[in-house]
Amino acid sequence: MSAHVSTLALSHFRSHRRTRLSFDGRIVAIHGPNGAGKTNLLEAVSLLSPGRGMRRAAAEEIIRRPETIGWRIAAELPGHEIELRAEPGQPRTTRIDGKAQPQVALARLLRVLWLVPSMDRLWLEGAEGRRRFLDRMTLSFLPDHGDGVLRYEKAMRDRNRLLRDGVRDPHWYGALEHQMAQAGAAITTRRLDALARLEAAQEDGPFPAAALTLADEGTPATEEALRDALATSRPRDMAAGRTLVGPHRADMLGLYAAKGMEARLCSTGEQKALLISLVLANARALRAETGAAPILLLDEVAAHLDADRRAALYAELTALGGQCFLTGTGPELFEGLDAHRLRVTEAAGESQVDEAA
């Protein structure tokens, strides 16, 4: 049985003052006007995985206004309970089965993938967004990946501080570069592992296969070579005031495989179809490896598909057999889909959620 959220309770979470919902593991189709609070429900589910969720919002930004009394998410899964809280001016806290836990522990309970409108320009904008997309996919396969990225980034921030302060003593750099090389080599290995798993899970069908490669700008793949490269790069890095070599400089390049065309040169519709293809491949690979499909959050995806591709997407989601949350402005977007249907409306700045026929 795929892991799923059976109940979700929100308190003072964005537009939801108090919302409590129950689910049975099926696809959830949520409709309502723009601004009613549909995406806020998906964001709450996304926060049940490590990180800052699908909007990458700080805890303070999520607090409902004007009350500003802090927010709470409580979720029940088969055999587990999760509680997330954030008080004004305080970081988010995580409790699993009543005990305080680090965020990374969430990845061992649920795998959550998402596709949101802000990702539509993934192939056109800077490398940072594509790295984040790749790292989310990597984290879904390898939960320890998130800790490795955090260790690398912390050591890099400390090294960048030395560079900006003009420190030249090699002993100060040696320990930090050792940490960066150790974590950085593991990051590259895990990213390549994830790309291989995605490639194996790609299928020919209504959503075109995407061939992905990791462009590393010459970053050495081994720990020793990366440590040497960091040491050699110190003068150049000091002039720039930041670290110019390492996996934080990598990029994920995509290709529409059947056409041999770079994703950045494809039409808007083709770019969207490539993203959907990757999310579905990620889900198929996870189901094959773990025996459980991940939770999928697909925000306003159906509205951008024609009727045939919409039907194909629903067939894929049904075949996966996992829990999926879909949003759209009208119920007609989910015609023919066997789903738990919800309607979200808004009045006086507060979201209301009702069962829909």
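Summarised in this report is the structure supplied together with it. Quick caveat: nothing in here was measured; it's all calculated off a predicted structure. (Residues numbered from 1 in each chain as written. Predicted model: local features only at pLDDT ≥ 70, side-chain atom pairs only at ≥ 80, totals over all residues. Heavy atoms only, no water.)

Per the stated rule, a full pass over the model turns up two aromatic pairs. Both rings, one in F13 and one in W71, keep their centres 5.6 Å apart while their planes meet at 90°; by these two values the pair is edge-to-face. On the criterion of sequence distance, the pair formed by F13 in strand β1 (residues 7–13) and W71 in strand β4 (residues 71–77) is long-range, its members being 58 residues apart. We classify F13 as buried; its relative accessible area is 0%. A relative accessible area of 2% means that W71 is categorised as buried. (Phe/Tyr/Trp six-rings, centres within 6.5 Å; stacked < 30°, edge-to-face > 60°. Helix = DSSP H or I, 4+ residues; strand = E, 2+ residues; numbered from the N terminus. Buried < 20%, exposed > 50% of the residue type's maximum accessible area, 1.4 Å probe, protein only.)

This part takes up the sheet that holds β4. Read from one edge to the other, the open sheet built from six strands follows the order β2-β1-β4-β5-β6-β7, with strand pairing classed as antiparallel. Only two strands of the sheet have a single partner each, and these edge strands are β2 (16–22) and β7 (99–100). Direction of pairing for β1 relative to β2: antiparallel, over a ladder of six bridges. Residue S11 lies in a different strand from β2, and its bridge partner there is R18. Along the sheet, helix α1 (residues 38–46) makes contact with β1, β2 and β4, crossing β1 at roughly 110°. (Pairing = 2+ DSSP bridges. Contact = heavy atoms within 4.5 Å. Axes fitted to C-alpha atoms, helices over the stretch in contact; angles between N-to-C directions.)

Counted according to the given criterion, the structure contains 28 salt bridges. In this structure, K272 engages D120 in a salt bridge whose closest nitrogen and oxygen atoms are separated by 2.7 Å. A residue pair is termed long-range when its members are at least 10 positions apart, and K272 in helix α8 (residues 268–290) and D120 in the loop between β8 (112–115) and α3 (127–141) qualify at 152 residues. For K272, a relative accessible area of 7% translates into the label buried. The partner of E223 in a salt bridge is R227, with the nearest N and O atoms 3.7 Å apart. Placement of the pair is E223 and R227 together in helix α6 (residues 223–232), with a separation of four residues, close to one helical turn. Taking the relative accessible area as the measure of exposure, E223 reaches 28% and is therefore partly exposed. Judged by its relative accessible area of 27%, R227 is partly exposed. Each of R17, R64, E67 and E350 takes part in salt bridges that share partners, so that together they form one network. (Salt bridge = Lys/Arg side-chain N within 4 Å of Asp/Glu carboxyl O.)

These figures capture arrangement, not role.
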